[in-house]
Amino acid sequence: MQVDGVDDEKMEYSCFIDIESSRCYVDDLYSDDKNKCALAMVRLKNAVIGSNRQKGQVILQGLVPRLIAVICDDNNDLELRLNSAIVVGSLAKGTQQHVSSLIYYGIVDLFLAISIARNTPEVLMEACLSTLKTIMQYPFAPYELIHSNVQNISRLIQIAAESKSCRVQAYVTHILIPTYNAEDQNNLYQAGILDFLTKLIVSNQTVLQIPALKCLGSICFSNKTISDIVCSTQHEGKFLPDILTEMLSRTQPIQIQLSASRCLTYLERAESIRSTDSRIVYKTIPCLARLCTAQFEDFVRASAAENLAYLTEVDTELQRLAAISNHLINSLSTLLKSPLGVGKKGAFRCLASICANDENIRKRIVEIDGLMQAILSGLQDKMLEVRLAAVRLLHSLSRSVQLLRTAFQDHIVWQPLMELLNEEPSSELLAVVTSTICNLLLEFSPAKEPLLESGAVELLCEKLIKSPDSLLRLNGSWALMNMAFQAELNVKIKIIDTLGAETIISLLKESDVKIIMKTLGLLRNLLSNSQHITVIMAQHSAHILKALNFLLETNHPPEVKEQVLCIVGNIAAGSGENNYILDNESLMKKISEMIESPEFKIQQAALFVVANLLQKRETYVKLKLYDIIRKLENMQDVLPKTTQEEIKDSLLKYAALNE
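Please read these numbers as outputs of a predicted model, since none were measured by experiment.

### Topic: a nonpolar patch on the surface
Working step 1: On the surface, Phe 299, Leu 340 and Val 342 cluster together into a nonpolar patch covering about 240 Å² of accessible area.
Working step 2: Mapped onto the secondary structure, Phe 299 falls in helix H19 (residues 298-312).
Working step 3: Of the residues examined, Phe 299 reaches a relative accessible area of 41% and is grouped as partly exposed.

### A word on helix H28 (residues 414-422)
Working step 1: Three or more residues of H28 are buried, namely Trp 414, Pro 416, Leu 417, Met 418, Leu 420 and Leu 421.
Working step 2: In this fold, the buried residues of H28 make contact with helix H24 (371-379), helix H25 (384-397), helix H29 (427-440), helix H30 (448-453) and helix H31 (456-465).

### Looking at the environment of His 543
Working step 1: Along the chain, His 543 falls in helix H36 (residues 530-553).
Working step 2: You can call His 543 partly exposed: its relative accessible area is 33%.
Working step 3: For the pair His 543 and Leu 258, spaced 285 residues apart in sequence, the C-alpha to C-alpha distance is 58 Å.
Working step 4: The contact partners of His 543, leaving out residues within four places of it in the chain, are Ala 501, Glu 502 and Ile 505.

### Considerations on unusual backbone geometry
Working step 1: Phi at Ser 222 is positive, roughly 55°, even though this residue is not glycine.
Working step 2: Within the secondary structure, Ser 222 sits in the loop between helix H14 (206-220) and helix H15 (224-232).
Working step 3: Of note, His 327 is a non-glycine position whose phi angle comes to about 55°, a positive value.
Working step 4: Relative to the assigned elements, His 327 resides in the loop between helix H20 (316-323) and helix H21 (328-335).

### Examining the side chain of Thr 293
Working step 1: With respect to the element layout, Thr 293 can be found in the loop between helix H18 (278-291) and H19.
Working step 2: A residue is classified by how much of its surface remains accessible, and Thr 293, at 11% relative accessible area, is buried.
Working step 3: Contacts of Thr 293, omitting those with residues within four sequence positions, involve Arg 301, Asn 326 and Ser 331.

### A short note on the packing of aromatic side chains
Working step 1: Under the definition given, this model contains six aromatic pairs.
Working step 2: For the pair Phe 221 and Tyr 310, a centre-to-centre distance of 5.7 Å together with 35° between the ring planes defines the contact as tilted. Taken together, the residues span a long stretch of sequence, with Phe 221 in the loop between H14 and H15 and Tyr 310 in helix H19 at a distance of 89 residues.
Working step 3: The exposure class assigned to Phe 221 is partly exposed, which follows from its relative accessible area of 37%.
Working step 4: The class for Tyr 310 is buried, based on a relative accessible area of 17%.

### A closer look at the pattern of salt bridges
Working step 1: What the rule picks out here adds up to 21 salt bridges.
Working step 2: Here Arg 279 and Asp 277 are joined by a salt bridge, their closest N and O atoms 2.9 Å apart.
Working step 3: In this structure Asp 277 comes out as buried when scored by relative accessible area, which is 18%.
Working step 4: A salt bridge links Asp 298 to Arg 301; the nearest nitrogen and oxygen atoms lie 3.6 Å apart. Taken together, the residues span about one helical turn, with Asp 298 and Arg 301 both in helix H19 at a distance of three residues.
Working step 5: For Arg 301, a relative accessible area of 4% corresponds to the buried category.
Working step 6: Several salt bridges share partner residues, and in doing so they unite Asp 242, Asp 277 and Arg 279 into one network.

### Notes on the packing of helix H11 (residues 166-176) against helix H13 (residues 193-201)
Working step 1: For the pair H11 and H13, the least separation of the axes is 12 Å and the interaxial angle reads 130°. Comparing their axes, H13 and H11 come out oblique. Once H11 is placed against H13, the crossing between them reads as left-handed. Within the contact between the two elements, H11 uses Gln 169, Thr 173 and Leu 176 and H13 uses Ile 193, Phe 196, Leu 197 and Leu 200.

### Some points on the environment of Val 401
Working step 1: Of note, Val 401 is situated in helix H26 (residues 401-405).
Working step 2: Considering only alpha carbons, one finds Val 401 and Leu 442, 41 residues apart in sequence, at a separation of 9.2 Å.

Reading the values: rules and limits
- Residues numbered from 1 in each chain as written.
- Predicted model: local features only at pLDDT ≥ 70, side-chain atom pairs only at ≥ 80, totals over all residues.
- Heavy atoms only, no water.
- Patch = residues over 30% accessible without salt bridge, like charges linked within 9 Å, V, L, I, M, F, W, Y side chains within 5 Å.
- Areas by Shrake-Rupley, 256 points an atom, 1.4 Å probe, with all protein chains shown as cover.
- Salt bridge = Lys/Arg side-chain N within 4 Å of Asp/Glu carboxyl O.
- Helix = DSSP H or I, 4+ residues; strand = E, 2+ residues; numbered from the N terminus.
- Buried < 20%, exposed > 50% of the residue type's maximum accessible area, 1.4 Å probe, protein only.
- Contact = heavy atoms within 4.5 Å.
- Phe/Tyr/Trp six-rings, centres within 6.5 Å; stacked < 30°, edge-to-face > 60°.
- Axes fitted to C-alpha atoms, helices over the stretch in contact; angles between N-to-C directions.
- Parallel < 35°, antiparallel > 145°, perpendicular 65-115°, else oblique.
- Left-handed = near helix turned anticlockwise from the far one by under 90°.

Just distances and angles here, no functional claims.
Okay, structure coming up:
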């Protein structure tokens, strides 16, 4: 017997009609003779089973509108309408293109209306729900037709709750699984989904429990409010999270263990369950680590690894616990060799999460035989998800200074990263790639020089700094900041010329404080050597001083103003005979004001500027003019001892310069 979706064009079935060559057969579908139409529909139903080619011909010859007309005509026999709905359901089990065509013809809207109508015969309703379940598994399905209307959701839940058919209950639950935002989740909750799902979860029927658990996970994902409600929900005296924990037992079907652990993971990530909760520490993590072992099929291991990656992603203690659970690292090392892309993806992602913050775990992971080669292969994998996961692992490993100097030196990892940038990567992939490049551009990284030579400056400026995505602009300014650290003058000039002084100034006027801080870090690294300061300020002093004034005059956090003053101090110390700071009235007034700032870090930074200004001739008069000398004298008793000594030393040096 053939199954839908299995296309065997080479085999011939005498009981199946070839739709392409039977005009008479097709004409009978439009016949006013009900018997002829019914017989043609039965033959059509048999013809499309198992053959994607035949499904395609049905759609290509424009038969879908006729099928819809037959279904919608209440005067037709129920059997004829049912067979027509079954044909549409069979078409939905074909290719993505077939499903797209059905969506184009409005099948989702029609079958939803038929399903929720009060007078629809149960067998027809079941056929329509089955088709909706098949279509809704695709990411391009018009899920908003269902999720945007609470009344429709309530009616579907009512139908399932009142039905004695497990199939109907399972179909409805599958249909409601996909949610894409908090509004979808809240609509499901308002429609009464939680009580319905709870009953299915405790039903002891796997066919109902699995979709119910998936739907529960869907409404809890990143939703603190609903997750809190789930944690307080009880059934026969047991809290729902405790019921979920019991379902992690190895006696349960694998898919139930996976789905229940995913629910508990989402509850923990929503902070409705603490990361130290015994249900997470002693049940969820061990269960997931066990499901990653080689005794299970690769798709199970991949799913468990993905789940574990998300559970441990932001919690250092959970990362350490996972790393020592059930030989997890060894299990993931074998999963890296999986022929399935999802297997490699899950292994990369889980390894990336557990070594994100711990140097010892990184050392254990980098010792995996053939790891770096596996990562390099992953960076060139045909599956986008595998490439992204491989970059995530590379990013976690690149946080280690030791690994940058050893494992990264032995393998040319920067090259495939640059190739990914030269393609048209997704925003998510671009963000992770550039975060990794930020680390590779650190001073002690052996990849810094080849990255510079390969055009990294131009690529970072073009792809990131000019991007409308604030995260990419942040990564761009961060990477350039690292690149400029202790760089040669020609590298700094190249950065400024490629980026443009005006672009640097525009970054300093961003609303995102993180971007401002990284750009200030870039500017500070550019202006970190007396010779470099002299050259750069000679060309760009007007733009730079204007931007620094702007930041001091606007409402920014203390750390921003501290960084600005540090840059001002660098300029004061390193600009030779040029008095860029002393000659800028606005800056001098701000410095005078900020040496009395109640913010200690701002006050210290302002005093750093003054101390550097005092190293030059003809400074005392200017400082006195802006009332800075008097303020220093009045502050001697309240300043820290080290600061007092620095100021005294500066005044003595000033006196020596003017003897």
